[in-house]
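A look at the structure
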Amino acid sequence: MAVKWTGGHSSSILCLNASKDGLVASGGEGGDLVAWGEDGTPLGHMQLEGADDVTSILFSTSCPTKLYASHGETISVLDVRSLKESLDHFHVNEEEINCLSLNETESLLASADDSGAIKILDLEKKKVTRSLKRHSNICSSVAFRPQRPQSLVSCGLDMQVMLWSLQKARPVWITNLQEDETEETEGPQTPGRLLNPALAHSVSVASCGNIFSCGAEDGKVRIFRVMGVKCERELGFKGHSLGVSQVCFLPESHLLLTGGNDGKIRLWDVSGKVEKPQKSPAKHTHRKKAKRAACPAQGGNSRVPGAEDEGHSKILPKLDIDHGEKVNWLLNSETVDYALSVYSGKLDNKLQALDTQFKELDITKDNLTRRFEHHSKTLSSQAAQDEMWAAALALGFTSMELNILYSYVIEVLICLHTRVLQKLPDLVRSLPTLASILRRKAKNKHVGIVWESVLEEYGLQERDVTALCTFFVVHGNKGEHYAANVRRMYIKDVSFMITNMVKNQALQDGLLRAVQIIEKGKAAQTPENSRAPLKELMPPVKD
């Protein structure tokens, strides 16, 4: 029975790694990092700065207590013996890091991020020596090749697998996983399988350095062999019924562990050609005996199926067949009971197999239903956004009226940004704009909670913010800010003007809420001495 390790994390665990001395480190959401002993006892706990999710953890092989952890766009160097503060930290990536890898000499550290870039950090000089950018989508995994400290492989959600040479700072070989979509695969096909693209999730290199593997969303495991500066794909076999999320070569061997979204972990020997599993001799013999027992017309004594395999010597009496017209079964009660038990066991196994298949089909049906519902919601949301953009572009206001509406919109957006920073003083430098908050709130749970509380404080909803941002993007390049006294001098009732001129309901509601917030002075409830002057926060005209 598996032993459960408890007392470390309070939220989802996103990554794990173990040192050669048996220490284990785990990273979770919100910057949560825990060190564990071999017996599962928590040795230390740390909340990394910035509260970004810990996405990758890597132990040093030369110094097993040294740990590299990526959180957000930052890499921290830690000592698991004292998880109080980081020994060092680097901010070399522009977007969230997905994977870290050390070369064999531990002189270089590679970090792959959401922008598709791979940064090569010289740990001695503490600076980036290479920036590899060929992936057109998220780079999900990167790994240095053993015995070759200047060579590495990477894969990404652009369906590309690349072999890199750091001397050339460019990939020496690239393959697209879509090229083998039509190949025959091993194992059952899941309904809707063809809808899943070959997004590359994980890559691992064998200890010899010449063989590496890649797992993809289509459930296939690819094996590649490096031949000098070239690379050939040797194998491509069906590893899982759903996407392969993890691949890992065991040390000093050609054994490959794979983990998939079907909830299964499998061990493969990739030292030779991967073939379909051979039927075991025992099962083959069992089937032959069962076949003979099912056709007793050959005469003589027929054994109960599987009797020899089970160590029994029960023999069925001879069956008399009179030219196919009459059959007399001459069985005693003991052999009848045994035969019935054998066949009922087979029937139970068959029913269990069918029950398992039906459960898998139900799970697949539920997954497809959720996907279609999500796709439907996405299309509906996209249609509503398209309608809002069209309405914002078609507004029939004069330039003066647009400037007045722009003034209300920009003041509300500035108030939202300022209020969030007041509640998150530690993240002032990492959240310089409202756009950075909107981007970060989906990844950072703490930022998301603060954002929702600020919206509730101002009586706004997400769709109102979307409408205000849409108006700002469309008309902000020509907009000029008017002070409150100027606005009142030009237009006495802005709400009446919006209600009569703006036909799109979402855009109308957003603009009316902006006017209501500014006119009723809700924005003024925040301490004035903690807010920068409006003139300093205002973006330059036509910027």
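If you look the protein chain up in an unreviewed UniProt entry, it shows as WD repeat-containing protein 53 from Apodemus speciosus.

**Side note on the overall build of the protein chain**
On a plain count of helices and strands, the protein chain comes out with ten helices and 27 strands. Across the 543 residues of the protein chain, 44% fall into the buried class. Counting contacts in the protein chain only where the partners sit at least 6 residues apart, residues at least 24 apart contribute 48% of the total. A total accessible area of about 30,200 Å² is found for the protein chain, and carbon and sulfur atoms account for 53% of it.

**What about the sheet that holds strand β8 (residues 88-90)?**
Taken together, four strands build an open sheet; the order of strands is β5-β6-β7-β8 and the sheet is antiparallel. Across the chains shown, the open sheet's two edge strands, defined by having one partner strand only, are β5 (54-59) and β8. Neighbour-to-neighbour, the strand axes of the sheet open up by a mean angle of 20 degrees, direction not taken into account. Where strand β7 (residues 74-79) and β8 come together, three bridges link them in antiparallel fashion.

**Focus: the sheet that holds strand β13 (residues 139-145)**
With respect to topology, four strands assemble into an open sheet ordered β13-β14-β15-β16, the strand pairing being antiparallel. One side of each edge strand has no neighbouring strand; the edge strands of this open sheet are β13 and β16 (170-176). Neighbour to neighbour, the strand axes of the sheet diverge by 20 degrees on average, direction disregarded. Sheet topology places β13 next to strand β14 (residues 148-156); six bridges connect them, and they run antiparallel.

**Considering a nonpolar patch on the surface**
A cluster of nonpolar residues, Leu 347, Leu 351, Leu 354, Phe 358 and Leu 361, forms a patch on the protein surface that exposes about 480 Å² of accessible area. With respect to the helices, strands and loops of the structure, Leu 354 is situated in helix α2 (residues 333-393). Among the residues examined, Leu 354 registers a relative accessible area of 34% and is labelled partly exposed.

**Let's talk about the environment of Ser 10**
Relative to the elements of secondary structure, Ser 10 occurs in the segment before β1 (13-18). Between the C-alpha atoms of Ser 10 and Glu 29, which are 19 residues apart in sequence, the distance is 9.0 Å.

**Concerning the pairing of β13**
Of all seven residues making up β13, seven are buried, and the element is well covered by its neighbours. Between β13 and β14, which follow one another and run antiparallel, lie two residues, and Gln 147 among them has a positive phi close to 70 degrees.

**A short note on the environment of Val 454**
As for its placement among the helices and strands, Val 454 is situated in helix α5 (residues 445-458). With 34 residues separating them along the chain, Val 454 and Val 420 place their C-alpha atoms 6.7 Å apart. With residues up to four places along the chain from it excluded, the contact list for Val 454 reads Leu 416, Arg 419, Val 420 and Lys 423.

**Examining the state of the cysteines**
What we call a disulfide is simply a covalent bond connecting the sulfur atoms of a pair of cysteines. If you walk through the whole model with that rule in mind, you get zero disulfides. As a non-bridged cysteine, Cys 214 has Cys 155 as the owner of its nearest cysteine sulfur, 4.3 Å distant.

**With respect to the pattern of salt bridges**
A full pass over the atoms with the stated rule returns twelve salt bridges. Put simply, Asp 52 and Arg 440 hold a salt bridge, and the shortest N to O gap is 3.5 Å. You can see Asp 52 sitting in the loop between β4 (42-47) and β5 and its partner Arg 440 sitting in helix α4 (residues 434-440), a full 388 residues away along the chain. What emerges from the salt-bridge pattern is a single network uniting Asp 52, Glu 73 and Arg 440.

**A few points about the UniProt feature "repeat: WD" (unreviewed entry) in the protein chain**
In this structure's numbering, the residues bearing the UniProt feature "repeat: WD" (unreviewed entry) are residues 132-174 and 237-271. Overall, residues 237-271 shows 0% helix and 54% strand. The separation of its end C-alpha atoms is 14 Å.

**Quick word on the side chain of Thr 65**
Within the secondary structure, Thr 65 is located in the loop between β5 and β6 (66-71). Residue Thr 65 is classed as buried on the basis of its relative accessible area of 16%. Sequence-distant contacts of Thr 65, defined by excluding residues within four places in its chain, comprise Leu 23, Leu 78, Asp 79, Val 80 and Arg 81.

Rules used in this analysis
- Residues numbered from 1 in each chain as written.
- Predicted model: local features only at pLDDT ≥ 70, side-chain atom pairs only at ≥ 80, totals over all residues.
- Heavy atoms only, no water.
- Helix = DSSP H or I, 4+ residues; strand = E, 2+ residues; numbered from the N terminus.
- Buried < 20%, exposed > 50% of the residue type's maximum accessible area, 1.4 Å probe, protein only.
- Contact = heavy atoms within 4.5 Å.
- Areas by Shrake-Rupley, 256 points an atom, 1.4 Å probe, with all protein chains shown as cover.
- Pairing = 2+ DSSP bridges.
- Axes fitted to C-alpha atoms, helices over the stretch in contact; angles between N-to-C directions.
- Patch = residues over 30% accessible without salt bridge, like charges linked within 9 Å, V, L, I, M, F, W, Y side chains within 5 Å.
- Salt bridge = Lys/Arg side-chain N within 4 Å of Asp/Glu carboxyl O.
- Disulfide = S-S within 2.5 Å.
- UniProt positions renumbered as here; feature names shortened; annotations may be inferred.

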